[in-house]
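One-letter residues, chain by chain:
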Amino acid sequence: MAISAIILAGGMGSRMQSTLAKQFLPLGNKLVIEYCLEVFFTLPEIKEVIVVCDTAYRHLLSSYPIKFASPGPRRQDSLYQGLQQATSPWICIHDAARPFITQKILKDLFEAGKETGAATLALPIVSTVKQSHEMLVEKTLDRSVLWEAQTPQFLSHALLVQGFAYTQQHNLTVTDDVMFAELLGHPTKLVKGISKNIKLTTPEDFALAQAWCSL
Ligand code: C5P
């Protein structure tokens, strides 16, 4: 199976209260983005790695054999830019702000995804989730059927291209990558992820990640 990895690192991370984008902050002895890059480079299925980031950050990754693409205004626009560089029949998309992925979860994801054409890592929801309107509870959702999506996500190249055509035609915004498959009515497999695969969003997340790195 030949896979192109697209690492999304084009966001500014405004909730981190830092002038440097969060995925390029130092964490332990390397940058946040390097944690996921190192895992991707250990897998023989990964034929190329494409990092979508601003040109100002590219020199920080000069020791890696990667292709670059320029970010767009929305996450899906950044993915579109990355996809233009991708040459493999399978695409694995990952947020650079999630450093703690493992070889095992990637392999589980690829295994599940190749059966249906689309798969995402996700965790069962443990909290009770309320749907709201103007700060009033509308209803409580049935958490036994709810999952929180993570990245990496995995789709066939052809399905992603079809998904982009559909969202462009209907002027839709998606918040993750398997939504392209869902919108086309294509089955998307859930693969149980790991709770350590957090997205570094706030300074508190960063403090937790630093504590893990110093264990
Ligand atoms: O903002 P959020 O944390 O949801 O972004 C998820 C990932 O998508 C991050 O790694 C961020 O760098 C990336 N992103 C991007 N281009 C954008 C917005 C977000 O590459 N326009």
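Everything quoted here is computed from the prediction, not taken from an experiment.

Asker: Help me understand the overall build of the chain in this model?
Answerer: Scanning the chain from terminus to terminus reveals six helices and 11 strands. Relative to a compact globule of 215 residues, whose C-alpha radius of gyration would be 17 Å, the chain shows 17 Å and is just as compact. Dimensions of the chain, computed from C-alpha atoms along their principal axes, come out at roughly 50 × 40 × 30 Å. Sequence-distant contacts, at least 24 apart, represent 70% of the contacts inside the chain between residues at least 6 apart. As displayed, the chain offers around 10,900 Å² of accessible surface, 54% of which is attributable to carbon and sulfur atoms.

Asker: Where do I start with the packing of helix α2 (residues 75-83) against helix α4 (residues 157-170) in this structure?
Answerer: Two quantities define a packed helix pair, namely the angle between the axes and the distance from one axis to the other. Between α2 and α4, the shortest axis-to-axis distance is 12 Å and the interhelical angle comes to 135 degrees. In terms of axis orientation, α2 runs oblique to α4. You can see that α2 and α4 cross each other, and the crossing is left-handed. Contacts from Gln76, Leu79, Tyr80 and Leu83 in α2 reach His157, Leu160, Val161, Phe164, Thr167 and Gln168 in α4. Of the residues contributing to the contact of α2 with α4, the split by class is six nonpolar, four polar and no charged.

Asker: Teacher, can you tell me more about the environment of Phe154 here?
Answerer: Mapped onto the elements, Phe154 comes out in strand β10 (residues 147-156). The spacing of Phe154 and Ala112 is 42 residues in sequence and 9.1 Å in space, taken between C-alpha atoms.

Asker: What is the right way to look at the site of the ligand in this model?
Answerer: Lining the immediate surroundings of the ligand are 16 residues, of which Leu8, Gly10, Gly11, Gly72 and Ser78 lie closest. Contact distances for the ligand include 2.8 Å between an oxygen atom and a backbone N or O atom of Gly10. One of the side-chain N or O atoms of Gln23 is found 3.2 Å from an oxygen atom in the ligand. Relative to its unbound accessible surface of 460 Å², the ligand loses 83% to contact with the protein.

Asker: Would you mind going over the sheet that holds strand β4 (residues 46-52) with me for this structure?
Answerer: Where strands meet in a sheet, backbone hydrogen bonds hold them as pairs that are either parallel or antiparallel. Strand order in the open sheet formed by seven strands is β5-β4-β1-β6-β10-β7-β11, and the pairing between neighbours is mixed. Among the strands making up the open sheet, the edge pair consists of β5 (67-69) and β11 (189-192). Strand-to-strand twist of the sheet, defined as the mean angle between neighbouring strand axes without regard to direction, takes the value 30 degrees. With six bridges connecting them, strand β1 (residues 3-8) and β4 associate as parallel partners. Within β4, the residue paired with Ile3 across the bridge is Ile46. Those strands touched by α2 are β1, β4, β5, β6 (90-95) and β10, and its axis lies near 145 degrees from that of β1.

Asker: I would appreciate a short explanation of the pattern of salt bridges in the present structure.
Answerer: Side-chain pairs of opposite charge can arise whenever the charged atoms involved come near each other. Inspection of the entire model under this criterion finds eight salt bridges. With a closest N to O distance of 2.6 Å, Arg75 and Asp177 form a salt bridge. One end of the pair, Arg75, is in helix α2; the other, Asp177, is in the loop between α4 and α5 (179-183), with 102 residues separating them in the sequence. Among the residues examined, Arg75 registers a relative accessible area of 25% and is labelled partly exposed. For Glu111, the salt bridge goes to Lys114, with nearest N and O atoms at 3.2 Å. Here Glu111 and its partner Lys114 are both found in helix α3 (residues 103-116), three residues apart, which amounts to about one turn of the helix. Look at Glu111 and you get partly exposed, because its relative accessible area is 43%.

About the criteria used
Residues numbered from 1 in each chain as written. Predicted model: local features only at pLDDT ≥ 70, side-chain atom pairs only at ≥ 80, totals over all residues. Heavy atoms only, no water. Helix = DSSP H or I, 4+ residues; strand = E, 2+ residues; numbered from the N terminus. Rg over C-alpha atoms; globule rule 2.2 N^0.38 Å. Contact = heavy atoms within 4.5 Å. Areas by Shrake-Rupley, 256 points an atom, 1.4 Å probe, with all protein chains shown as cover. Axes fitted to C-alpha atoms, helices over the stretch in contact; angles between N-to-C directions. Parallel < 35°, antiparallel > 145°, perpendicular 65-115°, else oblique. Left-handed = near helix turned anticlockwise from the far one by under 90°. Nonpolar A, V, L, I, M, F, W, Y, C, P; charged D, E, K, R; others polar. Near = heavy atom within 4 Å. Polar contact = N/O pair within 3.5 Å; in protein donor to acceptor, adjacent residues only side chain to side chain. Pairing = 2+ DSSP bridges. Salt bridge = Lys/Arg side-chain N within 4 Å of Asp/Glu carboxyl O. Buried < 20%, exposed > 50% of the residue type's maximum accessible area, 1.4 Å probe, protein only.

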